[in-house]
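# Chains, contacts and geometry: an overview
Each chain, letter by letter, is given below.
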Amino acid sequence: MSGECVGACYIECMAKEAFNPLMGSGIRIRDREELEDFLCMPNAADAVRASSFEQVFFTLKSIGLADSFELLSLASAKQIRGFVDLDCWRKDSFVRKPFMEWIAAFVQGGPELASEALAGIDDDVVALFMKDLITVYELDRDDPPPAGELMYTPDNTLAVRIDDAGDAATICGLILDVVLSHNPGLGYKLLRKVRYTTRTELEEMAYQNKVRRLDVHGFVDYYEALSIYAGPANGEAPVRPREREEDGIPGEDPPQSLPTVFADSLAEGGFLLAAMGRVSGDAADRLAEELTALGNRVLSANLVNLGEVEGIRTALGEMRDFLTIGLEHLSGGDAAVAADLLLKNHVQWLFKSGFDLLAGLRGTVEKMARIPGFKPELLEHPDQEFVAGLARFKPLLWDAGRYRHFRELSEVEAAAVRLDKIRIVSRFFLDEFGPSIETTLRQAFNTAVIQLAISGRFEPTAVESQALKSMIADGVRIRVPEVPEELREILGDWLETLRADLEPLVGKPIDPRFVGFVTMKF
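Residues numbered from 1 in each chain as written. Predicted model: local features only at pLDDT ≥ 70, side-chain atom pairs only at ≥ 80, totals over all residues. Heavy atoms only, no water.

Once that is clear, we can look at the overall build of the protein. Regarding its fold elements, the protein presents 24 helices and seven strands. Looking at the protein as a whole, 50% of its 522 residues are labelled buried. Taking the intrachain contacts of the protein between residues at least 6 apart in sequence as the baseline, contacts between residues at least 24 apart amount to 74%. When the accessible surface of the protein is summed, it comes to about 24800 Å², and 50% of that surface belongs to carbon and sulfur atoms. (Helix = DSSP H or I, 4+ residues; strand = E, 2+ residues; numbered from the N terminus. Buried < 20%, exposed > 50% of the residue type's maximum accessible area, 1.4 Å probe, protein only. Contact = heavy atoms within 4.5 Å. Areas by Shrake-Rupley, 256 points an atom, 1.4 Å probe, with all protein chains shown as cover.)

Take the packing of helix α8 (residues 111–120) against helix α10 (residues 167–182) next. With their axes 9 Å apart at the nearest point, α8 and α10 run at an angle of 90° to one another. When the interaxial angle is binned, α8 and α10 end up roughly perpendicular. Residue-level contacts link P111, A114, S115 and L118 of α8 to I175, V178, V179 and H182 of α10. Classifying every residue of the contact of α8 with α10 by side-chain character gives six nonpolar, two polar and no charged. (Axes fitted to C-alpha atoms, helices over the stretch in contact; angles between N-to-C directions. Parallel < 35°, antiparallel > 145°, perpendicular 65-115°, else oblique. Nonpolar A, V, L, I, M, F, W, Y, C, P; charged D, E, K, R; others polar.)

Turning our eyes to something else, we now look at the pattern of salt bridges. As enumerated under the stated definition, the model contains 31 salt bridges in all. In this structure, E116 engages R49 in a salt bridge whose closest nitrogen and oxygen atoms are separated by 3.9 Å. Residue E116 is located in helix α8, and its partner R49 is located in helix α3 (residues 44–50); the two are separated by 67 residues in the primary sequence. Residue class for E116 comes out partly exposed when judged on its relative accessible area of 34%. The closest approach of N and O atoms between E496 and R499, which form a salt bridge, is 3.9 Å. Residue E496 and its partner R499 are both found in helix α24 (residues 488–502); the two are separated by three residues, about one turn of the helix. We classify R499 as partly exposed; its relative accessible area is 25%. (Salt bridge = Lys/Arg side-chain N within 4 Å of Asp/Glu carboxyl O.)

Moving on to the environment of R161. Summarising the element assignment, R161 is placed in strand β5 (residues 158–162). R161 sits in the partly exposed class, given a relative accessible area of 24%. It is 5.3 Å that separates the C-alpha atoms of R161 and T135, two residues lying 26 residues apart in sequence. Polar contacts involving the side chain of R161 include one to the side chain of Y137, which spans 3.3 Å. (Polar contact = N/O pair within 3.5 Å; in protein donor to acceptor, adjacent residues only side chain to side chain.)

So, on to the packing of aromatic side chains. Summed over the entire model, instances satisfying the criterion amount to 25 aromatic pairs. A centroid spacing of 5.5 Å and a plane angle of 70° characterise the contact between F57 and F58, whose relative ring orientation is edge-to-face. As far as burial versus exposure is concerned, F57 and F58 are alike and both buried. Measuring from centroid to centroid gives 6.4 Å for F445 and F458, while their planes differ by 75°, and the two rings are edge-to-face. Of this pair, F445 sits in helix α22 (residues 441–455) while F458 sits in the loop between α22 and α23 (465–471), and the two are 13 residues apart along the sequence. (Phe/Tyr/Trp six-rings, centres within 6.5 Å; stacked < 30°, edge-to-face > 60°.)

Spatially, three strands are ordered β3-β5-β4 in an open sheet, and the strand pairing comes out antiparallel. Two strands in the sheet have a free side with no partner beyond their single neighbour: β3 (134–138) and β4 (151–152). Strand direction decides the pairing type here: β3 and β5, joined by five bridges, are antiparallel. Counted as the bridge partner of T135 is R161 from β5. On the sheet, helix α11 (residues 184–196) packs against β3 and β5 and is oriented at approximately 100° with respect to β3. (Pairing = 2+ DSSP bridges.)

Quick look at a negative patch on the surface now. A grouping of D92, E204, D215, D221 and E224 is seen on the molecular surface, where their side chains present a negatively charged patch. Within the element layout of this structure, D92 appears in the loop between β1 (89–90) and β2 (93–94). (Patch = residues over 30% accessible without salt bridge, like charges linked within 9 Å, V, L, I, M, F, W, Y side chains within 5 Å. Lys, Arg positive; Asp, Glu negative; His and termini not counted. Charge placed at Lys NZ, Arg CZ, Asp CG, Glu CD.)

All right, on to the packing of helix α9 (residues 123–131) against α11 then. Orientation of α9 relative to α11, taken along the N-to-C sense of each, is 55°, at an axis distance of 9 Å. Relative to α11, α9 is oriented oblique. Of the two elements, α9 crosses α11, and the hand of that crossing is right-handed. From α9, D123, D124, V126, A127, M130 and K131 reach across to α11, where they touch L186, K189, L190, K193, V194 and R195. Looking at side-chain class alone, the contact of α9 with α11 contains six nonpolar, no polar and six charged residues. (Left-handed = near helix turned anticlockwise from the far one by under 90°.)

Next up on the list: the pairing of β5. Where β4 meets β5, two bridges bridge the pair, whose relative direction is antiparallel. What sits directly across from Y152, in β5, is A159. The turn linking β4 back onto β5 is made up of five residues, and N156 within it adopts a positive phi angle of 60°.

A word on the environment of L176. Within the secondary structure layout, L176 lies in helix α10. A sequence separation of 23 residues divides L176 from T153, and the C-alpha atoms of the two residues are 9.5 Å apart.

Before going further, it helps to spend a moment on the environment of L174. Secondary-structure assignment places L174 in helix α10. Between the C-alpha atoms of L174 and A114, which are 60 residues apart in sequence, the distance is 9.3 Å.

With 15 residues, α24 extends 20 Å between its outermost C-alpha atoms, agreeing within 8% with the 21 Å of an ideal straight helix rising 1.5 Å per residue. Those residues of α24 that sit buried are I490, L491, W494, L495, L498 and L502. On an axial view of α24, the arc spanned by its buried residues comes to 135°, and they lie on one face. The secondary structure elements touched by the buried residues of α24 are α21 (409–433), α22 and α23. (Expected span 1.5 Å × (residues − 1). Arc of directions from axis to C-beta.)

This brings us to the confidence of the model for the protein. Mean pLDDT for the protein: 87, with 89% of residues reaching 70 or above. Counting interchain partners and residues more than four positions distant, the pLDDT-below-50 stretch residues 1–17 has six contacts. In this model residues 244–251 is a low-confidence stretch, pLDDT under 50, and it forms six contacts with partners more than four residues away in sequence or in other chains. (pLDDT = per-residue confidence, 0-100.)

Among the nonpolar cores identified, the biggest contains 158 residues, and F99 and F129 are the most heavily contacted of them. Among the elements that take part in this core, α21 stands out by supplying ten residues, more than any other. With near-sequence residues (within four places) excluded, F129 lies in contact with F94, R96, F99, M100, A168, I171, C172 and I175. (Core = buried A, V, L, I, M, F, W, Y, C linked by side-chain atoms within 4.5 Å.)

Structure (structure tokens):
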């Protein structure tokens, strides 16, 4: 076995050991093969019912609804309601398509499964779906319905006409078949809601009910979810002790074991993994709840479509990285101290402490922007992209031609050093040359160095071709300008690069059109 494989196996074993206490006894299925093995277990149904609805939902989405029907058929009515709550809303608007996919899957399992599923879903949601598709008549009060195909309730008090066509109408007809045949009480309730409640009222009630249920699990309103990125108030510690949780909604379970997709994302953080591996017992249960609620809040704040697993993994990667950075900073890189921090502090505040370090980089960029004459175009590539990434609300690191999240404290510290150098250089040259520099700072510096050698003046005025040719006729001799101590290392590197750029021009005609590192006079 190669060293790379051994290392991967070691990390996987560490992850399993660290997350076993956090994942509890819930299902842990990542692909179709594992699902088939799971379904052969005699207690498969009990294991599904004992899992949080998030865990089952993310498992279904990871494998694909079409390939995991057997698992779906084991879900409880309350879990099914959670699936619809998670998948069928975009902010405060109900979305038909995913709802239709769920109903089609339930109907595939037969009328009994479909009836149980519909009984579990919030009836305001089902009525909202049907509202624009059907007309409901009370036979003893309304004029005779117009001719056409009608569906009647068992007691012939209500009649329904499907007004629409297409897939939505087909799904609506399947719902009516199921409820009127197998759960007429629910059927009457749904039809009366459709008849007597406006669409706006149905959507508002369904939305508020969904919000109350998911709030217990950390899926809060978008604007409330953004509070996890808010910095501490003046005089407030970056980390708060764990406080007593508020009572939840009766009948709603709080977040339970850590969903597999959460654990998989967190496992990629080595330091975080080492710290969590030291947490066990009741503390592990509490940490699992907090991590699940925090992850759900992060998903809400990032407006992640919960039906798209890759988007979920990206957002959870951000959570992992901020937690890692915060714990590394507060613990001094000691995993034992980090574990103690996890025991004594709510993970949301540890997450915020990591984000606050990155927000500090953004604050430095904002201060740079207030330097008279500063603009991003003064910087060379990739410094320009580097600073632009740090200026974002959630700062990103420009690395190998792309943006990515900061993954560990050392990257934040290195970025702070680099940014400070850029700030010092920018302020010096804008003070030295004035705020009207039209080129990059580096080109202005190169031009001023050449002018110092030619005219004795350290200024970035355009250089004539003949003057430059004469200057380097006998070789490149650069006069080092007087600069502050903190700039000497940076500008020393610039001078060496300038020398290397000038040497190929010695003894040759100089065409100003092809000299891009100095401002030339045309």
